[in-house]
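Architecture and fold: a report
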Amino acid sequence: MHNQERTPLLDTLLAHARRDVTSFHTPGHKNGQGIDPKLRSYTGRNVYKLDVTVFPEVDSLHDPVGPIKKAQALMAQAYGVKYSQFLVNGSSVGNMAMLMSACHPGDSVILSRNAHKSTLSGIIMSGVWPIWIQPKVDQHLDVIFDSDAAQIEEALRQFPEAKAVFVTSPTYHGITTDLPQIAQLCHAKGKLLLVDEAHGAHLKFHKDFPTSAVEAGADLCVQSTHKILSALSQGSVLYVNSDGVDITRVRKILSLLQTTSPNYFILASLDAARRQVFFQGEKIFGRLIRLAEQARERINRLQRVYCFTQGEIRAKGYDLDVTKLTLNVTRTGLSGHDVEHLLAFEYGVQVDCADLFNLIAIMGSGTTRQDVEKLLSAVEAIDKKEPGEEKNWVLQLPSLATEMVMTPRDVFLQHRAKRVSLSKAAGHISAQTLTPYPPGIPVLIPGERITKEMCDFLMDLADKDIRVSGQETEALRSVKVVATR
Ligand SMILES: Cc1ncc(COP(=O)(O)O)c(C=O)c1O
């Protein structure tokens, strides 16, 4: 049993910095001496003493035997899992590693199409066949739901050969799916459950939050410790939570994917964030839950801005991390992007992201009552402004029950692609990803058969001058397809 009060990596790094050791190692700024003065005048010098490289005192991320090994063991114990591995390229690298660790080329994985873009990178690198579940689009709330248990059960019945199921819970909007039931369904059929819990590193530490992935029984799970807890950006963790996954393989794959020069400041911040949430999580998140619910109530008294509630999400069979505030602004006559801009430049409040309909305000362990007050005052002022003309934008998605003809990896590596006009693309195999925002779900994925409905949808977007992520030409008139001859 480890003592959770300890922070072995943070302590080692601080002790090293305090000793003022002369650096003949990378990085070249040498404990901050060579940092550009403009930058150093803002930050001070101390912070650069934490930016060291791999040497025995501070341990190696790729082959840990000292403080990194101890810090990872403490993290594993705090979350109640078999093994944890620190990540310095966010949950993005974690998603890739989960797919590569759980599967071999040619295996298939059931997943919802709204998965984060790093999941597609993982699909390409692991060489798996994706079995796509169509996400549910809620045109009343203007949000998207990941797979529920019934969809997973049906997919497992239709595709008994699947090796694993991959779900995103919570989603960007804080919506969680019924992970305990999904875990049961997967394990009853001998499938691995992989969870992208990038937005949920805090869930385990307050009883009023939805069940976390590792408590539900996910075999592998990835969390962005930096998103809600106090780790620095990029600081994330991959957890192994069952005997169904080979830890040595996970480590080898992460060694393949991660830098050999990890930022020790980020690594030490993971150690510190773990201790903080372990001892103070209940208090920090109890306070945030109360603040968020009060904020939600105040927003929902406004005329034109709306924030969906836990009750509404539960009625749809999902649950909600209430600390995520999704502000729907369609009735202001402004887009989410417009309101984001107003908030940032007129009121000095920056939200995490915006789309046509919504803004997402994310609370974290550092959020104060004053911050929430500032956000609410700004939103209340915007709500009082003369509304613009209400737009009739609709969150929609064509039917994407797709046929995968080649694995995304084969398409990516073969590079035998040609461009055809969208009006003639139906029947071809896509060689590119095209993702309109919103809803941020790829309409085309490499390796799948293009349907007329997809082409019509994309041509309609092009006619409305809506730019689609992944389009490589000025106007979206053509698409890259696999050249079969
Ligand atoms: C659902 C989800 N998964 C994964 C990621 C990637 O996380 P990171 O930014 O830590 O790489 C994100 C990023 O926003 C995300 O929203």
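Above: the structure in question.
Let me begin by describing the structure that accompanies this report. (Residues numbered from 1 in each chain as written. Predicted model: local features only at pLDDT ≥ 70, side-chain atom pairs only at ≥ 80, totals over all residues. Heavy atoms only, no water.)

Glancing now at empty space enclosed by the protein. For the structure on display, the rule yields one cavity of 30 Å³ or more. A volume near 60 Å³ is recorded for the largest cavity. Classifying every residue of the lining of the largest cavity gives two nonpolar, four polar and one charged. (1 Å grid on protein atoms, 1.4 Å probe; cavity = no way out; pocket = protein on both sides within 12 Å on 5 of 7 lines; lining within 4 Å. Points joined across faces, edges and corners; volume = space filled by probe spheres on them. Nonpolar A, V, L, I, M, F, W, Y, C, P; charged D, E, K, R; others polar.)

Attention now moves to the pattern of salt bridges. Tallied over the entire structure, the rule returns 22 salt bridges. Between Asp243 and Lys82 there is a salt bridge, with the nearest N and O atoms lying 2.6 Å from each other. Separated by 161 residues along the polypeptide, Asp243 in the loop between strand 10 (236–240) and helix 10 (247–257) and Lys82 in the loop between helix 3 (67–79) and strand 1 (83–87) bring together distant segments of the chain. Here Asp243 falls in the exposed class, since its relative accessible area comes to 68%. Accessibility expressed as a relative area gives 46% for Lys82, which makes it partly exposed. Taking the shortest distance from any N to any O, the salt bridge between Arg298 and Glu373 comes out at 3.0 Å. Remark: Glu373 occurs in helix 14 (residues 369–384) and Arg298 occurs in helix 11 (residues 264–299); sequence separation between them is 75 residues. (Salt bridge = Lys/Arg side-chain N within 4 Å of Asp/Glu carboxyl O. Helix = DSSP H or I, 4+ residues; strand = E, 2+ residues; numbered from the N terminus. Buried < 20%, exposed > 50% of the residue type's maximum accessible area, 1.4 Å probe, protein only.)

Turning our attention to unusual backbone geometry. Geometrically, the link from Thr26 to Pro27 is a cis peptide bond, its omega value of 0° lying close to zero. One can find Pro27 in the loop between helix 1 (8–18) and helix 2 (37–43). Between Ser169 and Pro170 the backbone carries a cis peptide bond, its omega angle lying at 0°. With respect to the helices, strands and loops of the structure, Pro170 is situated in the loop between strand 6 (164–168) and strand 7 (175–176). If you check the backbone angles, Asp20 has positive phi at about 55° while not being a glycine. Relative to the assigned elements, Asp20 resides in the loop between helix 1 and helix 2. With phi around 60°, Asp142 is a residue other than glycine that occupies positive phi space. Inspection of the secondary structure puts Asp142 in the loop between strand 4 (136–138) and strand 5 (143–145). Overall, the relative accessible area of 9% leaves Asp142 in the buried class.

Our next topic: the environment of Gly470. For Gly470, the position within the fold is in the loop between strand 18 (468–469) and strand 19 (478–482). Along the primary structure Gly470 and Ser255 are separated by 215 residues, whereas in three dimensions their C-alpha atoms are 29 Å apart. Aside from chain neighbours lying at most four places away, what touches Gly470 is Gln432, Thr433 and Leu434. (Contact = heavy atoms within 4.5 Å.)

Our focus in this paragraph is the sheet that holds strand 11 (residues 306–307). Taken together, the four strands give an open sheet; going across it, the order is 11-13-15-14, and neighbouring strands pair in antiparallel fashion. Two strands bound the open sheet, and with one partner strand each, they are strand 11 and strand 14 (353–354). Alignment of strand 11 against strand 13 (residues 324–328), held across two bridges, turns out to be antiparallel. From the neighbouring strand, Cys307 faces strand 13, where its bridge partner is Leu327. Of the strands in this sheet, strand 11 and strand 13 touch helix 11, which is tilted by about 10° from strand 13. (Pairing = 2+ DSSP bridges. Axes fitted to C-alpha atoms, helices over the stretch in contact; angles between N-to-C directions.)

Attention shifts here to the site of the ligand. Taken together, 15 residues lie around the ligand, and Ser92, Asp196, His199, Ser224 and His226 are the ones closest in. Contacts to the ligand include Lys227, whose side-chain N or O atom sits 3.0 Å from an oxygen atom. In the complex, 85% of the free accessible area of the ligand, which totals 390 Å², lies under the protein chains. Placement of the ligand is best described as lying within the largest pocket. The element that contributes the greatest number of residues to the shell around the ligand is helix 4 (residues 90–102), accounting for four residues. (Near = heavy atom within 4 Å. Polar contact = N/O pair within 3.5 Å; in protein donor to acceptor, adjacent residues only side chain to side chain. Areas by Shrake-Rupley, 256 points an atom, 1.4 Å probe, with all protein chains shown as cover. Sits in = over half its atoms within 2 Å of the grid points.)

With respect to the helices and strands, Lys191 occurs in the loop between helix 7 (179–188) and strand 8 (192–196). There is no salt bridge for the buried Lys191, and the closest opposite charge comes from Glu161, which lies 7.2 Å off by N-O distance. Among the polar contacts listed, one links the side chain of Lys191 to the backbone oxygen of Ala162, at a separation of 2.9 Å. The residues contacting Lys191, other than those within four sequence positions of it, are Leu156, Pro160, Glu161, Ala162, Lys163, Cys186 and Asp219. (Lys, Arg positive; Asp, Glu negative; His and termini not counted.)

For the largest pocket, the calculated volume is near 1,200 Å³. What lines the largest pocket is a set of 47 residues, among which Asn114, His116, Tyr172, Tyr437 and Gly440 lie closest to the centre. Listing elements by their share of the lining of the largest pocket, those giving two or more residues are helix 4, helix 5 (117–126), strand 5, helix 9 (225–228), strand 14 and strand 15 (358–362).

Attention shifts here to the pairing of strand 19. Of all five residues in strand 19, four are buried; the element is thus mostly enclosed. Relative to strand 19, strand 16 (residues 417–421) is paired through five bridges, and the arrangement is antiparallel. Bridge pairing in strand 19 places Val420 opposite Val479.

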